[in-house]
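Descriptive structure summary
Residue-level listing of the chains:
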Amino acid sequence: MPDYSLNMSIDLTWFKCNMLYSRWAAKNGMGYPEMMVLYGLYAFKCSSQKEIAEHCGIVKQTVNTVVHDLEKHGLIEMTPSKTDKRSLTDAGQTYAMEKIGPLLDTEKQICHQIGSDRISSAVETLDLFNVLFERNLNEV
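Attention in this report is confined to the structure presented alongside it. (Residues numbered from 1 in each chain as written. Predicted model: local features only at pLDDT ≥ 70, side-chain atom pairs only at ≥ 80, totals over all residues. Heavy atoms only, no water.)

The next point concerns the packing of aromatic side chains. To describe a pair of aromatic rings, one takes the distance between the centres and the angle between the planes. Tallied over the full model, the rule gives two aromatic pairs. Ring geometry for tyrosine 39 versus phenylalanine 44: centroids 5.4 Å apart, planes at 55°, classification tilted. On the basis of an interplanar angle of 80° and a centroid distance of 6.0 Å, the ring pair of phenylalanine 129 and phenylalanine 133 is categorised as edge-to-face. Of this pair, phenylalanine 129 and phenylalanine 133 both sit in helix α6 (residues 116-139), four residues apart, which is roughly one turn of that helix. Residue phenylalanine 129 is classed as partly exposed on the basis of its relative accessible area, which comes to 35%. The cationic tip of lysine 45 hangs over the ring face of tyrosine 42; the distance from NZ or CZ to the ring centre is 5.2 Å. (Phe/Tyr/Trp six-rings, centres within 6.5 Å; stacked < 30°, edge-to-face > 60°. Helix = DSSP H or I, 4+ residues; strand = E, 2+ residues; numbered from the N terminus. Buried < 20%, exposed > 50% of the residue type's maximum accessible area, 1.4 Å probe, protein only. Lys NZ or Arg CZ within 6 Å of the ring centre and 35° of its normal.)

Written out as structure tokens, the structure reads:
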């Protein structure tokens, strides 16, 4: 039987990270999908559903549902165009700053504690993992 301990370690670490972000969202009065859409709009400056989905790792239909809910609450406005641009309203900008700003500060603190060399190495390794995984998916 093959030894899967290494890839299980990656999986467990990845799953725990996602669980911690889900807990952050819940502690801050929102669901994980809402947090990720706000993160995409506020931190990454994404403007299309496709960009948000790709940057934040959630499916486009979920992004669509969250965007429409945020739009109903006046936090997002949509500019009709070939790519349907989304942007935070002034109220949405304030809301995102209140909800996502502390998360960005926490991430920055943690990265500082870990150190830029270790963070860079981890990002480089995960990027390579993703490139190889995507290559494998495309071959199947």
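What follows deals with unusual backbone geometry. A positive phi is found at lysine 45, a non-glycine position, where the angle reads about 60°. In this fold, lysine 45 is placed in the loop between α2 (32-42) and α3 (49-56).

We now examine a nonpolar patch on the surface. Taken together, Leu6, Ile10, Leu12, Trp14, Phe15, Leu126, Phe129, Phe133 and Leu137 make up a surface patch of nonpolar side chains, about 940 Å² in accessible area. For the nonpolar patch, the secondary structure elements donating two or more residues are α1 (5-27) and α6. No other element matches α1, which puts five residues into the nonpolar patch. As for its placement among the helices and strands, tryptophan 14 is situated in helix α1. Tryptophan 14 gets classed as partly exposed once you look at its relative accessible area, which sits at 45%. (Patch = residues over 30% accessible without salt bridge, like charges linked within 9 Å, V, L, I, M, F, W, Y side chains within 5 Å. Areas by Shrake-Rupley, 256 points an atom, 1.4 Å probe, with all protein chains shown as cover. Salt bridge = Lys/Arg side-chain N within 4 Å of Asp/Glu carboxyl O.)

Tracing the backbone shows histidine 73 in the loop between α4 (60-72) and β1 (76-79). Here histidine 73 falls in the exposed class, since its relative accessible area comes to 57%. Residues histidine 73 and alanine 91, spaced 18 residues apart in sequence, show a C-alpha to C-alpha distance of 9.3 Å.

Further remarks concern the side chain of glutamate 34. Tracing the chain through its elements places glutamate 34 in helix α2. Within polar-contact distance, the side chain of glutamate 34 engages the side chain of tyrosine 95 at 2.7 Å. Beyond its immediate sequence surroundings of up to four residues, glutamate 34 is in contact with Val66, Leu70 and Tyr95. (Polar contact = N/O pair within 3.5 Å; in protein donor to acceptor, adjacent residues only side chain to side chain. Contact = heavy atoms within 4.5 Å.)

When you line up the elements, glutamine 49 lands in helix α3. Assessed through its relative accessible area of 12%, glutamine 49 is described here as buried. If we skip the residues at most four places from it in the chain, glutamine 49 touches Lys60, Val63, Asn64 and Arg86.

Bringing the pairing of strand β2 (residues 85-88) into the picture now. Judged by which residues are buried, β2 turns out to be one-sided: Arg86 and Leu88 face inward and are buried, whereas Lys85 and Ser87, on the alternate face, are not. The sheet contact formed by β1 and β2 spans four bridges and is antiparallel. Along β2, the bridge assignment pairs glutamate 77 with serine 87. (Pairing = 2+ DSSP bridges.)

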